[in-house]
Amino acid sequence: MPMENKVYRIAQFGAFDVKSYGDVLFPQALQENLRKRINCKIDLFASHAKDQLFGGEQPVYGFDDFQQRDLRIHYDAIVIGGGELLHFKPILFSNEEKQLNPGELWLKPMMYARDRSIPCFVYCCGVPYDLSTEQEEVLSENAGVGTHFSVRDQFSYWRLKKVELPQARVQLVADPLLDIEKLYSKERLDQCFSLLAQQNAHIRTQKYIVAQYGTTKDIHEMANQLQRIKELTALPIILLPINQCHEDEVAATDIRRTSNNSLEQIAIPLEPLEIMSIIANAAFFIGTSLHGCLTAASYQVPFVGIDMYPGFVSKMDGLFTMLGCEQYLVPEAKSLTATFRRRMQDTAVEQLIGTAIESGQKRLQCYYDEVAATIRGE
């Protein structure tokens, strides 16, 4: 289909004002995929304005900027997300000194869309908890006619399907970063990694294991398990903070100290592409980060996930179930070495994960087709 001359204006809302690896890549995924289908310009909005997105050059506008910009621009669509944001709990970003009120990240833009009759797309988000009757009513009341809900895992889908949303569509898609290797080629990451290694002597170019830990819970046990894995493999273990808005940096420092510095820590600030390149060139990835695990899976790096929230069905359960490898999501640090050993011996799981990623990517492409068609008014 030939590209039309009209430039569609889209407002995307999310946690774009924090240094979060996954959140700042969602706009890139949306832009790359929509621009293949329609001429569009996407403005980013977050609770706080920023001069530029972490790892990029695009400005981020504050939520309060939207109404004035819409009067001037007349947005053709509002996109909310992605991320684990469809819930009514406060969101606290560690090290960022920011807290969002319950529902603020998605409810405000949904109300903007409803009040202005703008098509609204909830973009492959997560629903981490069952909603109460009162919360379901708030969601139902504020989802305008034609609101499109897409979620990234089956547990979020089941939770959202319980809500009465007669005028909205709910569909199961996948996480927006499931096609990350199509957005960032391995060749591009290798170039980034090579440059990073040249500029920083402590960036290893031989085989290594990456470990990321987003909580200060069970630090001593985590350090003990990583030391056992180091002895088992004879490979260096690199402690890599991925999200500066969580406890990654504090946890990495504490684990290194607890290990008497036998584990190495990357303590320099990294851009998202650099983080991606370090994971993509690793021999193995261990972590609590959903998008860290997803990055490893996308570049065929074996991985084991650690569930920071074993008390309930979480986003990590959703990802590992979708990939068909839930046996490699451990509920606590003490299970790590045994699970790591099993994962290293499993020669069949890579093909299962690859098939699951391919299937999810097809769903994503169909989803982008639908979004573009709806924005065009088809």
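Preceding this section is the structure that the text describes.
Description of the structure in this document. All residue numbers here refer to positions counted from 1 along the written sequence of the relevant chain. The predicted origin of the model limits local features to residues at a pLDDT of at least 70 and limits the giving and counting of side-chain atom pairs to 80 or more, whereas totals for whole chains, interfaces and linings rest on all residues. Heavy atoms throughout the structure, all of them, feed into the side-chain values; hydrogens and water do not.

### Regarding the overall build of the protein chain
- Secondary structure assignment for the protein chain yields 14 helices and 15 strands.
- For 378 residues, the compact-globule estimate of 2.2 N^0.38 gives 21 Å, and the C-alpha radius of gyration of the protein chain, at 21 Å, lies within 12% of that figure.
- With respect to the principal axes defined by its C-alpha atoms, the protein chain has extents near 60 × 45 × 40 Å.
- Only protein chains enter the area calculation, which uses a 1.4 Å probe; residues under 20% of their type maximum are buried, those over 50% are exposed, and those in between are partly exposed. Expressed as a percentage of its 378 residues, the buried residues of the protein chain come to 57%.
- Residue contacts are counted whenever heavy atoms from the two residues lie within 4.5 Å of one another. Long-range pairs, those at least 24 residues apart, make up 72% of the contacts in the protein chain with a sequence separation of at least 6.
- With residues, only the protein chains shown are counted as cover, and all accessible areas are computed by Shrake-Rupley using a 1.4 Å probe. Carbon and sulfur atoms provide 47% of the accessible area of the protein chain, an area that totals close to 16,300 Å². Secondary structure is summarised from DSSP: a helix means a run of H or I of at least four residues, a strand means a run of E of at least two, and numbering begins at the N terminus for each. With the radius of gyration taken over C-alpha atoms, the globule rule is written as 2.2 Å times the number of residues to the power 0.38.

### Details of the sheet that holds strand β14 (residues 303–306)
- Strand order in the open sheet formed by six strands is β12-β11-β10-β13-β14-β15, with parallel pairing between adjacent strands. Strand pairing shows two members of the sheet lacking a second neighbour, β12 (264–265) and β15 (329–330), which therefore form its edges. Following DSSP output, two strands are said to pair if at least two bridges run between them.

### Details of the environment of Leu25
- Mapped onto the secondary structure, Leu25 falls in helix α1 (residues 21–34).
- If near-sequence neighbours (up to four positions away) are discounted, Leu25 is found in contact with Leu177, Ile180, Tyr184, Pro272 and Met276.

### Concerning the packing of aromatic side chains
- Stacked, edge-to-face and tilted labels apply to pairs of Phe, Tyr and Trp rings (six-membered ring for Trp) whose centres lie within 6.5 Å, assigned for plane angles under 30 degrees, over 60, and everything in between, in that order. For the coordinates displayed, the defined rule picks out 17 aromatic pairs.
- Centre to centre, the rings of Phe13 and Phe45 are 5.0 Å apart; their planes meet at 20 degrees, and the pair counts as stacked. Taken together, the positions of Phe13 in strand β1 (residues 8–13) and Phe45 in strand β2 (residues 40–46) put the pair 32 residues apart, joining distant regions of the chain. Each member of the pair, Phe13 as well as Phe45, is classed as buried.
- Centre to centre, the rings of Phe155 and Trp158 are 5.7 Å apart; their planes meet at 85 degrees, and the pair counts as edge-to-face.

### Considering the side chain of Asp248
- By the element assignment, Asp248 lies in helix α9 (residues 248–258).
- Here the positive residues are Lys and Arg and the negative ones are Asp and Glu; neither His nor the chain ends is included. In what follows, salt bridge is the name for a side-chain nitrogen of Lys or Arg lying within 4 Å of a carboxyl oxygen of Asp or Glu. Buried and unpaired, Asp248 has no salt bridge, with Lys315 as the nearest side chain of opposite charge at 9.7 Å.
- Counted as a polar contact is a pair of N or O atoms within 3.5 Å, where, for protein atoms, one must be capable of donating a hydrogen and the other of accepting one, and residues adjacent in sequence contribute only when both atoms are in side chains. A polar side-chain atom of Asp248 sits 3.2 Å from a polar atom in the side chain of Gln212.
- Look past the residues within four positions of Asp248 in its chain and what remains in contact with it is Gln212, Tyr213, Gly214, Pro241, Ile242 and Asn243.

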